[in-house]
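Analysis of the macromolecular model
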2 protein chains.
Amino acid sequence: MQSEINKKLEAKQIKPTPMRQLVLNLLLQEPSALSLRELEEKFDKVDKSTIYRTLQTFQAHYLIHAIEDGSGSLRYAVCEENCTCEPHHLHFHFLCLKCQHTYCLHDYPIQIPQLPEKYQVISANFVIKGICPNCKA
Amino acid sequence: MQSEINKKLEAKQIKPTPMRQLVLNLLLQEPSALSLRELEEKFDKVDKSTIYRTLQTFQAHYLIHAIEDGSGSLRYAVCEENCTCEPHHLHFHFLCLKCQHTYCLHDYPIQIPQLPEKYQVISANFVIKGICPNCKA
DNA sequence: GAAATGTCTGCAACCCGGTTGCAAAGTCAG
DNA sequence: CTGACTTTGCAACCGGGTTGCAGACATTTC
Ligand SMILES: [Mn+2]
Ligand SMILES: [Mn+2]
Ligand SMILES: [Zn+2]
Ligand SMILES: [Zn+2]
């Protein structure tokens with residue numbers, strides 16, 4: 001699986017340093033999107049800014065996307081295979097107000113309404129909030 | 001128009017203090033949603049926390065809604081007449097990446113996809129990003 | 001009207017996520 | 001091995017949001 005990780009990194013032209021392997025590995029394992037803080041806690045002993053820059057690099061290469069779920073911190077999740085983070089590749093996200101986890105709803109692509117001509121759409125962020133299946137009694 | 005303002009406040013059971021009149025007035029005048037910081041700057045000499053608490057009060061009474069546009073600060077805009085901020089009352093928002101203004105797209109109500117039964121939907125925040133008509137050359 | 005009660009405001013300080021400058025450590029080609 | 005470049009760790013900073021507390025203000029009660 002190490003090679004699996006490296007493959008993904010190299011596919012996006014990212015040099016596979018140990019740090020990057022670890023971060024990507026964590027993001028792939030987790031079912032929900034992770035915040036910088038959460039990543040930091042997962043491996044006690046790595047600096048915040050290093051993880052931060054790793055995430056920046058990943059984003060710049062469309063390996064992960066950041067989710068603005070309004071919880072106060074950004075969450076990160078691995079992009080799907082050929083994602084370029086353009087509007088037609090985006091999906092809904094779900095923030096659970098109970099467990100505070102944010103999930104990618106990959107099966108629910110977003111649809112942006114037809115706005116008046118003079119609006120130029122570049123990106124979007126659609127978040128649904130509520131109680132997730134795990135938390136629903 | 002003072003009485004106009006007071007009417008709106010009292011309609012939502014908010015005691016009309018001078019501070020609240022001023023803040024509501026500003027929010028009504030502005031075509032785009034305002035951040036705490038922007039409000040603060042508009043009247044030099046009022047404390048941030050006072051405005052902050054005013055906004056909290058307004059929100060609690062469904063007079064305004066907060067918009068998480070991912071710009072780093074929350075933006076606030078006056079709700080429409082009978083808004084209760086429930087999902088079926090919500091609309092899209094548009095963040096201009098050039099002027100950084102955020103607009104309520106009142107004519108574009110959001111539609112939340114039918115999620116698997118076990119998801120309980122409580123709220124939503126749909127933001128479209130791009131270039132606004134004013135900024136489009 | 002004066003005192004007592006409750007609400008609103010200003011100030012200062014804090015918390016926390018995100019970001020940056022800089023120097024040390026690591027990588028790699030020549 | 002040497003020098004050029006990249007990655008990492010540390011420390012400090014910034015800015016939005018939030019809170020405790022005390023003084024100002026308004027409202028009620030006597
Ligand atoms: Mn996602
Ligand atoms: Mn709005
Ligand atoms: Zn949950
Ligand atoms: Zn604009």
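As a reminder, the structure under discussion sits directly above these lines.
These numbers come from a predicted model, not from an experiment. (Residues numbered from 1 in each chain as written. Chains lettered and ligands numbered in written order. Predicted model: local features only at pLDDT ≥ 70, side-chain atom pairs only at ≥ 80, totals over all residues. Heavy atoms only, no water.)

A closer look at the interface of chain A and chain B
- Counting residues at the interface gives 31 residues for chain A and 31 residues for chain B.
- The junction of chain A with chain B conceals about 2,800 Å² of combined surface from both sides, 65% of it contributed by carbon and sulfur atoms.
- Three residues stand out in chain A for area buried against chain B, namely Lys118, Tyr119 and Lys129 of chain A, and they jointly supply 19% of the buried area on that side.
- Taken together, chain A and chain B are joined by 2 salt bridges. (Contact = heavy atoms within 4.5 Å. Buried area = accessible area lost by both parts, 1.4 Å probe. Salt bridge = Lys/Arg side-chain N within 4 Å of Asp/Glu carboxyl O.)

A short note on the nonpolar core
- Judged by nonpolar contacts, the single largest core of 30 residues is most densely connected at Phe94 and Phe126 of chain A together with Phe94 and Phe126 of chain B.
- Sequence-distant contacts of Phe126 of chain B, that is, excluding residues within four places in its chain, are made with Phe92, Asn125, Phe126, Val127 and Ile128 of chain A together with Phe92, His93, Ile110, Gln111 and Ile112 of chain B.
- Ranked by size, the runner-up nonpolar core spans 19 residues in total, among them Leu27, Leu39, Leu63 and Tyr76 of chain A. (Core = buried A, V, L, I, M, F, W, Y, C linked by side-chain atoms within 4.5 Å. Buried < 20%, exposed > 50% of the residue type's maximum accessible area, 1.4 Å probe, protein only.)

Considering the side chain of Arg75 of chain B
All names here are of chain B.
- By the element assignment, Arg75 lies in strand S3 (residues 75-78).
- Residue class for Arg75 comes out buried when judged on its relative accessible area of 5%.
- Reaching out from Arg75, the side chain makes a polar contact with the backbone oxygen of Gln100 at a distance of 3.0 Å.
- Leaving out residues up to four positions away in the same chain, Arg75 has contacts with Ala33, Leu34, Ser35, Glu38, His65, Ala66, Ile67, Asp69, Gln100, His101 and Thr102. (Helix = DSSP H or I, 4+ residues; strand = E, 2+ residues; numbered from the N terminus. Polar contact = N/O pair within 3.5 Å; in protein donor to acceptor, adjacent residues only side chain to side chain.)

Section: the protein's contact with DNA strand C
- Within the structure, DNA strand C sits among 18 residues, and Arg37, Tyr52 and Leu74 of chain A together with Met19 and Arg53 of chain B are positioned closest to it.
- Near the protein, within 4 Å, the atoms of DNA strand C are sugar or phosphate in 63% of cases.
- Tyr52 of chain A is positioned such that a nitrogen or oxygen atom in its side chain is 2.5 Å from a phosphate oxygen of DNA strand C.
- Between DNA strand C and the protein, one listed contact pairs a phosphate oxygen with a backbone N or O atom of Leu74 of chain A at 2.5 Å.
- Considering each element in turn, the surface near DNA strand C owes the most residues, 4 residues, to helix H4 (residues 48-60) of chain A.
- Taken together, the residues of the surface near DNA strand C sort by class into 5 nonpolar, 6 polar and 7 charged. (Near = heavy atom within 4 Å. Nonpolar A, V, L, I, M, F, W, Y, C, P; charged D, E, K, R; others polar.)

What is shown is where atoms sit, not what they do.
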